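Geometric and topological summary
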Amino acid sequence: MKLYADATPRFATQLALDALLVAWVVLWIWVGTTVHDGTMALAGPGERTAASATSLSESMGDAGSYLQGVPLVGDGIAAPFQQASDASQALAETGESTVRAVERLALWLGLSIAVIPILVVASRYLPGRVRFAREAAAAQQYVDGPADLELFALRAMAHQPLHVLNRVTDDPVGAWRRGDADVIDRLARLELADHGLRPPAGAR
């Protein structure tokens, strides 16, 4: 696959546009990551709540287990501690659920902010670049010598706008049939330029 044109001006333009696309992708990945990290900051209170409630639940559970061993009144004394442990555990689970919800929000928000602008630009730019690379690679196979200029001159007569052909000659078909080397060369160069190729070695 031929990614870039041989001619310097078009090569420079393609290279600059490719660099801009890469910069655009990097920019929006950075923006998406920043938004993700900023959104994740909202999970802080939930994380602290879950950690504190888990610690409290464990403490209440341990205290209840210890008091349960007291003769005669152990079960009665331990019950409130066990209830407090259960309530703390429920609070911890709520905090963890909040953290998971924030994580999902941060992921999808960061992805959407990064991916949408990248896809909008890439969907407009990349098809043309792929088409150029495919056609330039195919055309390159026919640029072997001066004789190939006739092929590209013929294609120029089929593909180039009439006002462009008129700048070369007012009778391109007649010139091609007569084997007018100068006209064939100029027509071929028009088509080669569209494919980003230089004329073959030995061409005029």
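Everything below is about the structure shown above.
What counts as what
What you see as residue numbers is a count from 1 along each chain, following the sequence as written. Side-chain atom pairs in this predicted model are given and counted only at pLDDT of 80 or more, local residue features only at pLDDT of at least 70, and totals for whole chains, interfaces and linings cover all residues. The side-chain figures draw on all heavy atoms in the structure; neither hydrogens nor water molecules are used. Comment: elements are numbered from the N terminus, with helices defined as DSSP H or I runs of at least four residues and strands as E runs of at least two. Residues count as neighbours in contact if any of their non-hydrogen atoms are within 4.5 Å of one another. For accessible areas, the Shrake-Rupley method is used with a probe of radius 1.4 Å. Any residue's cover is judged against the shown protein chains and nothing else. Counted as salt bridges are all cases of a side-chain nitrogen of Lys or Arg within 4 Å of a carboxyl oxygen of Asp or Glu. Between buried and exposed lies partly exposed: a residue is buried under 20% and exposed over 50% of the maximum accessible area for its type, with that area taken using a 1.4 Å probe on protein chains only. By nonpolar core we mean a set of buried residues, namely Ala, Val, Leu, Ile, Met, Phe, Trp, Tyr and Cys, connected to one another through side-chain atoms within 4.5 Å. In this context, the arc is that of the directions from the helix axis out to the C-beta atoms. Counted as a polar contact is a pair of N or O atoms within 3.5 Å, where, for protein atoms, one must be capable of donating a hydrogen and the other of accepting one, and residues adjacent in sequence contribute only when both atoms are in side chains. For helices, the axis comes from a line fit to the C-alpha atoms of the stretch in contact; other axes are also lines fit to C-alpha atoms, and the angle between any two N-to-C directions lies between 0 and 180 degrees. Oblique is the label for any angle not under 35 degrees, not over 145, and not in the 65 to 115 range, which are roughly parallel, roughly antiparallel and roughly perpendicular in turn. Throughout, the ten residues Ala, Val, Leu, Ile, Met, Phe, Trp, Tyr, Cys and Pro are labelled nonpolar, Asp, Glu, Lys and Arg are labelled charged, and all others, Gly among them, are labelled polar.

**A look at the overall build of the protein chain**
Broken down by element type, the protein chain carries seven helices and zero strands. Helices (α) and strands (β) of the protein chain occur, in sequence order from the N terminus, as α-α-α-α-α-α-α. Contacts in the protein chain between residues far apart in sequence, at least 24 positions, make up 72% of those at least 6 positions apart. Of the roughly 12600 Å² that the protein chain leaves accessible, carbon and sulfur atoms contribute 64%.

**Re the pattern of salt bridges**
Throughout the structure, instances matching the rule amount to four salt bridges. Its salt-bridge partner being D18, residue R129 comes within 2.9 Å of it at the nearest N-O pair. One end of the pair, R129, is in helix α3 (residues 74-140); the other, D18, is in helix α1 (residues 8-40), and 111 residues separate them in sequence. Of the two residues, R129 and D18, both sit in the buried class. Residues R155 and E191 are paired through a salt bridge, measuring 3.8 Å at the closest nitrogen-oxygen approach. Taken as a pair, R155 in helix α4 (residues 149-159) and E191 in helix α7 (residues 181-194) lie far apart in primary sequence, 36 residues in all. Overall, the relative accessible area of 3% leaves E191 in the buried class.

**Section: the nonpolar core**
Judged by nonpolar contacts, the single largest core of 16 residues is most densely connected at F152, L187 and L192. If you list the elements that add at least two residues to this core, you get α4, α5 (162-168) and α7. Beyond its immediate chain neighbours, meaning those up to four positions away, F152 contacts A139, Y142, V143, L187, A188, E191 and L192.

**Comments concerning the environment of G32**
If you trace the backbone, G32 turns up in helix α1. Residues G32 and L109 lie 77 residues apart in sequence; the distance between their C-alpha atoms is 7.6 Å. Those residues in contact with G32, other than ones at most four positions away along the chain, are G110, I113 and A114.

**Some words on α4**
Since the α-helix advances by 3.6 residues per turn, residues separated by three or four positions end up pointing in the same direction. Inspection of α4 places L149, F152, A153, A156 and M157 among the buried residues, and these make up the whole buried set. Axial view of α4: buried residues confined to an arc of 145°, hence all on one face.

**A look at the environment of R10**
In this fold, R10 is placed in helix α1. For R10, a relative accessible area of 31% gives the class partly exposed. A C-alpha to C-alpha distance of 7.2 Å links R10 and G196, two positions 186 residues apart in sequence. In this structure, R10 is in contact with A5, F132, A193, D194, H195 and G196, ignoring residues within four places of it in sequence.

**Overview of the side chain of T169**
By the secondary structure assignment, T169 is in the loop between α5 and α6 (172-178). The exposure class assigned to T169 is buried, which follows from its relative accessible area of 17%. Within the structure, T169 has its side chain in polar contact with the backbone nitrogen of D171 (distance 3.2 Å).

**So, the environment of V164**
On the secondary structure map, V164 appears in helix α5. When the C-alpha atoms of V164 and L187 are compared, they prove to be 9.5 Å apart, with 23 residues separating the residues in sequence.

**Things to note about the packing of α4 against α7**
Put simply, α4 and α7 touch, their axes get as near as 7 Å, and they point 70° apart. Looking at the two axes, α4 sits roughly perpendicular to α7. When α4 is examined against α7, the residues L149, E150, F152, A153, R155, A156, M157 and H159 are found in contact with a partner set consisting of I184, D185, L187, A188, E191 and L192. Here the contact of α4 with α7 is built from residues that sort into nine nonpolar, one polar and four charged.

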